[in-house]
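Analysis of the macromolecular model
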Amino acid sequence: MSYAKQSEILFLWDGENWNPNGDMLNSNAPRYDEISRKALISDVRIKRTIRDYLETKGEEIFVKETQSPKGGLMDGKGRVTALVGSEKDKVAALIEKCIDVRAFGGVFPVDKETNNLTGAIQFKMSKSLNQTEINYIKGTGAFASSEGKENKTFREEYSLPYAVFGTYGVVNALASESTKLTDNDVEKIINALWFGTKNLISRSKFGQLPRFLLRITYKEAGCYIGGLDNLATLKTDKPQENEIKSTADYSVDLSSITAELSKYKDKIESVEYVTDGNINIEGIGSDWKKLDFGI
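What you see is a predicted model, and the numbers here were worked out from it, not measured in a lab.

Broken down by element type, the protein carries eight helices and 17 strands. By the compact-globule yardstick of 19 Å for 295 residues, the protein fits well, its C-alpha radius of gyration being 21 Å. Projecting the C-alpha coordinates of the protein onto the three principal axes gives extents of approximately 70 × 60 × 35 Å. Taken over 295 residues, the protein has a buried fraction of 46%. Only carbon and sulfur atoms are counted for the fraction: they give 47% of the accessible area of the protein, which is about 15,400 Å². Here the protein contributes 40 positively and 43 negatively charged side chains, and the mean placements of these two sets differ by 3 Å.

All right, on to the pairing of strand S6 (residues 105–110) then. Taken together, the six bridges between S6 and strand S7 (residues 113–118) define a ladder with antiparallel strand orientation. When the sheet's bridge partners are listed, Gly 106 is paired in S7 with Leu 117. Between S6 and S7, which follow one another and run antiparallel, lie two residues, and Asp 111 among them has a positive phi close to 55°.

Another aspect to go through is the packing of helix H2 (residues 76–84) against helix H3 (residues 90–97). One can describe the packing of H2 onto H3 by two numbers: an axis separation of 10 Å at closest approach and a directional angle of 70°. By the angle class used here, H2 and H3 are roughly perpendicular. Crossing geometry of H2 relative to H3 is assigned as left-handed. Of the residues in H3, those in contact with Val 80, Leu 83 and Val 84 of H2 are Lys 90, Ala 93, Leu 94 and Lys 97. The residue inventory of the contact of H2 with H3, partitioned by class, reads five nonpolar, no polar and two charged.

Taken in spatial order, the three strands make up an open sheet running S13-S14-S16, and their pairing is mixed. Each end of this open sheet is capped by a strand with a single partner; those strands are strand S13 (233–235) and strand S16 (281–282). Of the pairings in the sheet, the one linking S13 to strand S14 (residues 251–253) comprises three bridges and is antiparallel in character. Paired with Leu 234 across the bridge in S14 is Val 252.

Scanning all chains against the criterion turns up 16 salt bridges. The network of salt bridges with common partners includes Asp 14, Arg 211 and Asp 276.

To continue, consider unusual backbone geometry. Phi at Ser 27 takes a positive value of approximately 55°, unusual for a residue other than glycine. Counting through the fold element by element, Ser 27 comes out in the loop between strand S2 (22–23) and strand S3 (29–30). Residue Arg 37 is not a glycine yet carries a positive backbone phi of 60°. Within the secondary structure, Arg 37 sits in the loop between strand S4 (32–33) and strand S5 (38–41). Arg 37 gets classed as partly exposed once you look at its relative accessible area, which sits at 31%.

This paragraph deals with the packing of aromatic side chains. We describe a pair of aromatic rings using the distance from one ring centre to the other and the angle between the two ring planes. Tallied over the full model, the rule gives 13 aromatic pairs. Centroid distance Tyr 136 to Tyr 158: 5.1 Å. Interplanar angle 45°. Geometry classified as tilted. With Tyr 136 in strand S10 (residues 135–144) and Tyr 158 in strand S11 (residues 152–171), the pair connects residues that are 22 residues apart, well separated along the chain. Owing to a relative accessible area of 42%, Tyr 136 belongs among the partly exposed residues under this scheme.

Once that is clear, we can look at helix H1 (residues 43–56). Given a rise of 1.5 Å per residue, 14 residues ought to cover 20 Å, and the 20 Å separating the end C-alpha atoms of H1 matches this to within 8%. Within H1 the residues assigned to the buried category are Arg 45, Ile 46, Lys 47, Thr 49, Ile 50, Arg 51, Tyr 53 and Leu 54. One or two residues past the end of H1 sits Gly 58, with phi positive at roughly 90°.

Residues Ala 39 and Ile 41 point to one face of S5 and are all buried, whereas Lys 38 and Leu 40, pointing to the other face, are not buried. Looking at chain direction, S4 and S5 are connected through two bridges and run antiparallel. In the strand pairing of S5, Tyr 32 is matched with Ala 39. The turn joining S4 and S5, which pair antiparallel and follow one another in sequence, is formed by four residues; a positive phi near 60° is taken by Arg 37. Pairing geometry for S5 and strand S9 (residues 126–128), over two bridges, is antiparallel. Across the sheet, the residue bridging to Leu 40 is Lys 127, located in S9.

Conventions and cut-offs
- Residues numbered from 1 in each chain as written.
- Predicted model: local features only at pLDDT ≥ 70, side-chain atom pairs only at ≥ 80, totals over all residues.
- Heavy atoms only, no water.
- Helix = DSSP H or I, 4+ residues; strand = E, 2+ residues; numbered from the N terminus.
- Rg over C-alpha atoms; globule rule 2.2 N^0.38 Å.
- Buried < 20%, exposed > 50% of the residue type's maximum accessible area, 1.4 Å probe, protein only.
- Areas by Shrake-Rupley, 256 points an atom, 1.4 Å probe, with all protein chains shown as cover.
- Lys, Arg positive; Asp, Glu negative; His and termini not counted.
- Charge placed at Lys NZ, Arg CZ, Asp CG, Glu CD.
- Pairing = 2+ DSSP bridges.
- Axes fitted to C-alpha atoms, helices over the stretch in contact; angles between N-to-C directions.
- Parallel < 35°, antiparallel > 145°, perpendicular 65-115°, else oblique.
- Left-handed = near helix turned anticlockwise from the far one by under 90°.
- Contact = heavy atoms within 4.5 Å.
- Nonpolar A, V, L, I, M, F, W, Y, C, P; charged D, E, K, R; others polar.
- Salt bridge = Lys/Arg side-chain N within 4 Å of Asp/Glu carboxyl O.
- Phe/Tyr/Trp six-rings, centres within 6.5 Å; stacked < 30°, edge-to-face > 60°.
- Expected span 1.5 Å × (residues − 1).

Rendered as structure tokens:
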């Protein structure tokens, strides 16, 4: 069997008046770097989006909240047992059964041992291409503060007025053999990254949209440019970046990525991209293959 080829992914997505990744240790406010004034998204949030969408498509997912027959949530050991039962090689059985294990690896408590598997697909912490800020909103709830009282409860929430994020990931062919990750799995992951982002419709996430996705596939394992998110630059006529409110207010320049690709041209198998058509992208190579994802 052939396993997943080496590749890099750059995914651009945006939203307005929403909270893409609340920080539980900071009143669930959006994650934010005060120095750069840019919003942040953890890799855990990205993987959760992918897992949740894949599950709706019938894929078996290892890392998810599962109710225990004894009440409450199942622990890691219980989840392993629930999925692979008395299989002798439980880790191998989990790899075969669960796409998120093949993609992202995991920690598997088996008997008295803890098994660690490094995933072949890894995402770094995402950051907004534009500077933004956190809005604080306070209002009243629908119910009394306590039975018989006239005063209503208060609610508070935090949101970003607008941000466009660059999410960067690598498919590591050197690790794909140990996790049994296939190119078909990678196609499913990329599809879930796009449509999982679009279909994550909750009160805090509603309105986020996938805008552009770039995938570079290499002929050699271990080969990649690195830091594609830092090579994508935002251009705007707005006096301040925090005045950006929609895709109409800026363009994204990929010319630095195009320049890097020319250095690796003998090692590149293909360059593919998807766009929703509502974001202005500069620097797309004439030899890049445009995909439509059924959009």
